[in-house]
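Understanding the architecture of this molecule
So you can see what is in the structure, the chains are spelled out below.
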Amino acid sequence: VPAPDSQALPASMSAALATCSRAIVAAFSARALELRQAQDARSQLAYALASPMDLFIDPERMSADEQQRVTKERDSEARAALLRAAALAPDDPDVLWLVASQCGGGGECLAVQQALLAAEPANAAVWLREMGWARMRGDPAASQTAFQHAAAASGYDTHRSATDAMMRH
């Protein structure tokens with residue numbers, strides 16, 4: 001069912017939807033800020049995945065440069081939370097999987113990716129991820145090695161339940 005066109009709604013309904021939307025964003029952001037204060041890996045991960053939205057920012061009234069700056073700030077904050085999570089739980093495969101999956105490139109992320117490979121050497125899903133990371137690094141030899149490890153792996157775990165649990169948190 002398509003979403004109703006806000007132009008076709010009565011003014012009172014549009015106002016109610018706008019109020020509801022602001023309340024949802026406010027509640028989501030408040031919870032994200034609570035998570036940022038908690039100093040455990042799972043809270044830091046949940047915070048990174050739920051980076052709060054500034055209620056006073058109106059993207060429609062911002063220049064493209066301002067929007068890019070705000071996006072970079074949020075991405076930087078999320079990345080810092082991811083790296084805090086990995087530092088808080090360096091031996092937790094679920095945490096390492098989620099951090100490595102979300103972190104992207106760069107030296108700090110490479111260290112997390114390597115920790116994940118060491119933590120789960122028999123997980124084909126981890127080695128398939130490494131193939132992608134190796135391609136992004138421009139390292140065909142590492143990609144080939146990852147392929148060989150994936151083919152020889154005895155299991156396949158994408159940590160889906162951990163991702164779902166993190167979002168519920």
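Residues numbered from 1 in each chain as written. Predicted model: local features only at pLDDT ≥ 70, side-chain atom pairs only at ≥ 80, totals over all residues. Heavy atoms only, no water.

We now examine the side chain of Ser143. Looking at the secondary structure, you find Ser143 in helix 7 (residues 140-152). Residue Ser143 is classed as buried on the basis of its relative accessible area of 12%. In this structure Ser143 touches Met131, Ala134 and Arg135, once residues within four positions along its chain are discounted. (Helix = DSSP H or I, 4+ residues; strand = E, 2+ residues; numbered from the N terminus. Buried < 20%, exposed > 50% of the residue type's maximum accessible area, 1.4 Å probe, protein only. Contact = heavy atoms within 4.5 Å.)

With that settled, the discussion passes to the environment of Gly104. Residue position: Gly104 is located in the loop between helix 4 (93-103) and helix 5 (107-119). Expressed as a C-alpha distance, the spacing of Gly104 and Trp133, which sit 29 residues apart in the sequence, is 8.4 Å. Filtering out sequence-adjacent residues up to four positions away, Gly104 remains in contact with Cys109 and Gln113.

What follows is about the packing of helix 6 (residues 124-137) against helix 7. When two helices pack together, their arrangement is given by the angle between the helix axes and the distance between those axes. Viewed as axis vectors pointing N to C, helix 6 and helix 7 meet at an angle of 170°, and their least axial separation amounts to 8 Å. Compared by their axis directions, helix 6 and helix 7 come out roughly antiparallel. Within the contact between the two elements, helix 6 uses Ala124, Trp127, Leu128, Glu130, Met131, Ala134, Arg135 and Arg137 and helix 7 uses Ala142, Ser143, Ala146, Phe147, His149 and Ala150. Classifying every residue of the contact of helix 6 with helix 7 gives nine nonpolar, two polar and three charged. (Axes fitted to C-alpha atoms, helices over the stretch in contact; angles between N-to-C directions. Parallel < 35°, antiparallel > 145°, perpendicular 65-115°, else oblique. Nonpolar A, V, L, I, M, F, W, Y, C, P; charged D, E, K, R; others polar.)

This paragraph deals with the environment of Phe147. Its place among the elements puts Phe147 in helix 7. For the pair Phe147 and Glu130, spaced 17 residues apart in sequence, the C-alpha separation works out to 8.5 Å.

On to helix 7. Over its 13 residues, helix 7 runs 19 Å from end to end, which matches the ideal 18 Å to within 8%, given 1.5 Å per residue. Regarding helix 7, the residues found buried are Ala142, Ser143, Ala146 and Ala150. Projection of helix 7 onto a plane perpendicular to its axis shows the buried side chains occupying an angular sector of 100°, all on one side. Turned more than 90 degrees away from the buried face of helix 7, the exposed residues are Pro140, Ala141, Ala151 and Ala152. Of the surrounding elements, those touching the buried residues of helix 7 are helix 6. (Expected span 1.5 Å × (residues − 1). Arc of directions from axis to C-beta.)

So, to be careful, I would describe these as geometric facts and stop short of saying anything about function.
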